[in-house]
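Inside the fold
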Amino acid sequence: MKGMGMMPQHRRKPMSEINVVPYIDVMLVLLVIFMVTAPMLTQGVKVDLPETTSDPIQADKNVESIVVSVDSNGAYYVEIGDKGSDPMSLGQVREQIAKILSQRANSEILVRGDEHVEYGTVVRLMAELQGAGASSIGLITESPLDDE
């Protein structure tokens, strides 16, 4: 008899492999989340728009809008479609808009002015845009929230 009460000992080797299936599942879920939320993210300049009640501008679908923004610090930004710009001076804005309008004369120009920026800053911008050849300029505002 081999030793009484003694069972043969089978030692298990420590498992040196990592189960990656749960990590792949988490990665795929995150990928789907990012794919869904990425189009919702908008890029641009943080501007607190003044609130007013007005009729929306009827935009022509064939014409790409040019948005010129003024942030609360008085810096100017030119946004064409999805492409933004770095902060620029008023003279640089005029030069860039003049170049764009020389190629696309029927482009719409919209101004987004922060509500905390001085009125004169927006007026100077609009005067420079007219000097660059803009025939009509629209102002972008937000509609006020109803407090009812």
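Look up a bit, the structure's there.
Let me begin by describing the structure that accompanies this report. For clarity, every value in this text was computed on a predicted model and none was experimentally measured. Throughout, a residue's number is its position along its own chain's written sequence, starting from 1. A pLDDT threshold of at least 70 governs which residues receive local features in this predicted model, and a stricter bar of 80 or more applies before side-chain atom pairs are shown or counted, although totals over entire chains, interfaces and linings include all residues. The side-chain quantities take in all heavy atoms of the structure and omit both hydrogens and water.

Think of a nonpolar core as a cluster: buried Ala, Val, Leu, Ile, Met, Phe, Trp, Tyr and Cys residues, connected wherever their side-chain atoms sit within 4.5 Å. Burial here depends on accessible area, computed with a 1.4 Å probe over protein chains only, as a share of the maximum for the residue type. Under 20% is buried, over 50% is exposed, and the range in between is partly exposed. Counting residues in hydrophobic clusters, the biggest one holds 20 residues, and the most contacted among them are Val68, Val93, Ile97, Leu125 and Leu129. Secondary structure is summarised from DSSP: a helix means a run of H or I of at least four residues, a strand means a run of E of at least two, and numbering begins at the N terminus for each. Elements with a contribution of two residues or more to this core: β1 (65-70), β2 (76-80), α2 (90-103), β3 (108-113) and α3 (119-131). Tallying contributions element by element places α2 first for this core, with 5 residues.

The subject of this paragraph is the pairing of β1. The side chains of a regular strand alternate, residue by residue, between the two faces of the sheet. By the criterion of burial, β1 is predominantly enclosed, with 5 of the 6 residues buried. Two elements, β1 and β3, share 6 bridges in a ladder whose sense is parallel. For serine 65, the partnering residue across the bridge sits in β3 and is glutamate 108. In short, DSSP must find at least two bridges between two strands for them to pair. As paired strands, β1 and β2 are joined by 5 bridges and run antiparallel to one another. Across the sheet, valine 70 pairs through a bridge with tyrosine 76, a residue of β2. Between β1 and β2, which pair antiparallel one after the other, the connecting turn spans 5 residues, and glycine 74 there sits at a positive phi close to 85 degrees.

Most of β3 sits inside the fold, with 5 of its 6 residues counted as buried. A right-handed crossover is one whose linking path, passing over the helix from the first strand to the second, runs clockwise when the strands point away from the viewer. The parallel pair β3 and strand β4 (residues 137-139), bridged by α3, forms a crossover whose chirality is right-handed.

What follows concerns the packing of α2 against α3. In a pair of packed helices, the angle between the axes and the distance between the axes together describe the arrangement. Axis lines are fitted through C-alpha atoms, for helices just across the contact stretch, and the angle between N-to-C directions can take any value from 0 to 180 degrees. Remark: α2 packs on α3, axes separated minimally by 9 Å, with the N-to-C direction vectors making an angle of 35 degrees. As α2 runs across α3, the sense of the crossing is right-handed. Contacts from Leu90, Val93, Arg94 and Ile97 of α2 reach α3 at Arg124, Leu125, Glu128, Leu129 and Gly131. In terms of residue class, the contact of α2 with α3 is built from 5 nonpolar, 1 polar and 3 charged. Left-handed is the label given to a crossing in which the near helix is rotated counterclockwise from the far helix by less than a right angle, and right-handed is the label when the rotation is clockwise. By the convention used here, residues are in contact when the closest approach between their heavy atoms is within 4.5 Å. Ten residues, namely Ala, Val, Leu, Ile, Met, Phe, Trp, Tyr, Cys and Pro, are considered nonpolar, four, namely Asp, Glu, Lys and Arg, are considered charged, and the remaining ones, Gly among them, are considered polar.

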